[in-house]
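Observations on the model geometry
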Amino acid sequence: MSIVFLISDFQSDSYKIGLLKHSILTKLKNIHIVDITHNIRLNNTIEASFVARQLQLTDNQPNIIVMNVGKSSRLIVYQHLLNLYILPDNGLLTMLFDQPDLHQVYVAETGATAEVIALWADGRIHELKKAGNSFRISYNRQVNVQGNFLICEVVFCDKHGNCYFNLKKDVFDDFVSGKPYHFRIQHYTGQIFDRISRSVSDVDPGEAL
């Protein structure tokens, strides 16, 4: 059984979620649909690509990843190993894959998600038009190091206020090299931090966290 993973910026109370599921199920019965999230902030492709990269996809089971984030005049369809990605032509493809195989990139009309899945299930995905290299390219922003300054940004923030940065721990450790440091967070004017804790319980009550 194939699994269809849904990621969108519809928001969780949108009727569009039900319509999308219904359109898929009318084309293909033997599938399982998993809602990863529909609460991506509107048009936020950085957030969407972060969430998609958290998926733990198996090597021996076909999966379909449908991403409805942002608007586009057409869909990009990408076959990668056993997995099929269906997403808008707004740069999401190259935010997920640095060098996608151009021979496996196709285009389809907006709103044709269910039809694309049906073609894929029948082994007819090759009937779609090849995209070649005529699709939008975007890149995830990288950590910017300028002398004694390291600049990073939030790539995902949940409703509890937990933020995920594009800065990996080993990069940060290499940058500070055990030396004292301090950092600022944009929009928190006047607040300077000089240590990172592993748990909320490590911080004294009332201290900026």
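Above this note sits the structure.
Just so it is clear, the model here is predicted, and its values are computed rather than measured.

1. Considerations on the layout of surface pockets
Of the pockets and cavities examined, the largest pocket occupies roughly 2300 Å³. Around the largest pocket, the lining comprises 45 residues; the ones closest to its centre are Cys152, Phe165, Phe183, Ile185 and Ile196. Sorting the residues of the lining of the largest pocket by element identifies β9 (149-151), β11 (163-165) and α5 (169-176) as the ones contributing at least two each. Sort the elements by how many residues they give to the lining of the largest pocket and α5 lands first, with five residues. Among the residues making up the lining of the largest pocket, the classes are represented as 25 nonpolar, ten polar and ten charged. Taken as a whole, the second largest pocket holds about 530 Å³ of empty space.

2. What to know about unusual backbone geometry
At glutamine 11, a residue that is not glycine, the phi angle is positive and equals roughly 80°. Along the chain, glutamine 11 turns up in the loop between β1 (2-8) and α1 (15-27). In this model, asparagine 43 sits at a positive phi of 65°, which is unusual for a non-glycine residue. Within the element layout of this structure, asparagine 43 appears in the loop between β2 (31-37) and α2 (45-53).

3. Thoughts on the pattern of salt bridges
According to the stated counting rule, one finds six salt bridges in the structure shown. Here aspartate 35 ties to lysine 21 by a salt bridge, and the two come within 2.6 Å at their closest N and O atoms. Of the two residues, aspartate 35 is situated in strand β2 and lysine 21 in helix α1; the sequence distance between them amounts to 14 residues. Looking at aspartate 35, the relative accessible area reads 35%, which means it is partly exposed. For lysine 21, a relative accessible area of 24% translates into the label partly exposed.

4. As for the packing of aromatic side chains
One pass over the full model with this rule turns up eight aromatic pairs. Note on tyrosine 85 and phenylalanine 97: the rings are 5.1 Å apart at their centroids and 90° apart in plane angle, and the pair reads as edge-to-face. Taken together, the residues span a long stretch of sequence, with tyrosine 85 in strand β5 (residues 83-88) and phenylalanine 97 in the loop between α3 (92-96) and β6 (105-109) at a distance of twelve residues. Neither residue differs from the other here; tyrosine 85 and phenylalanine 97 are each classed as buried. Both rings, one in phenylalanine 156 and one in tyrosine 164, keep their centres 5.8 Å apart while their planes meet at 50°; by these two values the pair is tilted. For tyrosine 164, a relative accessible area of 39% translates into the label partly exposed. Ring pairing ties together the aromatic residues Phe172, Tyr181, Phe183 and Phe193, which thus form one cluster.

5. Focus: the sheet that holds β5
Strand order across the open sheet formed by seven strands is β2-β1-β3-β5-β4-β6-β7, with mixed pairing between neighbours. The open sheet has two edge strands, β2 and β7 (129-130), and neither has a second partner. Both strand β4 (residues 74-80) and β5 contribute to a ladder of six bridges, which runs antiparallel. Bridge pairing links valine 77 to isoleucine 86 in β5. Its contacts with the sheet place α1 against β1, β2 and β3 (63-68), and it is angled at close to 155° to β2. Each of β1, β2 and β3 is contacted by α2, which is oriented at about 165° to β3, the strand it contacts most.

How each quantity is defined
- Along every chain, residues carry numbers that run from 1 in the direction the sequence is written.
- Local features are withheld for residues below a pLDDT of 70 in this predicted model, meaning they are given only at 70 or higher, and side-chain atom pairs are given and counted only at 80 or more; totals for whole chains, interfaces and linings count all residues.
- For the side-chain quantities, the full set of heavy atoms in the structure was used; hydrogens and water were omitted.
- Here a cavity means grid points, on a 1 Å grid over the protein atoms only, where a 1.4 Å probe fits yet cannot get out; a pocket means an open set of points with protein on both sides within 12 Å along at least five of seven lines; lining residues are those with an atom within 4 Å of a point.
- Grid points are joined across faces, edges and corners, and a volume is the space filled by probe spheres set on the points.
- In DSSP terms, a helix is any run of H or I states spanning at least four residues, a strand is any run of E spanning at least two, and both are numbered starting from the N terminus.
- Ten residue types, Ala, Val, Leu, Ile, Met, Phe, Trp, Tyr, Cys and Pro, are classed as nonpolar, four, Asp, Glu, Lys and Arg, as charged, and the remainder, Gly among them, as polar.
- Whenever a carboxyl oxygen of Asp or Glu lies within 4 Å of a side-chain nitrogen of Lys or Arg, that contact is scored as a salt bridge.
- For the exposure calls, accessible area comes from a 1.4 Å probe over protein chains only, and a residue counts as buried if that area is under 20% of its type's maximum, exposed if over 50%, partly exposed in between.
- Two aromatic rings, drawn from Phe, Tyr or Trp (for Trp, its six-membered ring), form a pair once their centres lie within 6.5 Å of each other, and the interplanar angle then sorts them: stacked below 30 degrees, edge-to-face above 60, tilted otherwise.
- Strands qualify as paired when DSSP identifies two bridges or more between them.
- Working rule for contacts: check all heavy atoms of both residues, and any pair within 4.5 Å makes them a contact.
- Between the N-to-C directions of two axes lies an angle of 0 to 180 degrees, each axis being a line fitted to C-alpha atoms and, for a helix, fitted only over the stretch in contact.

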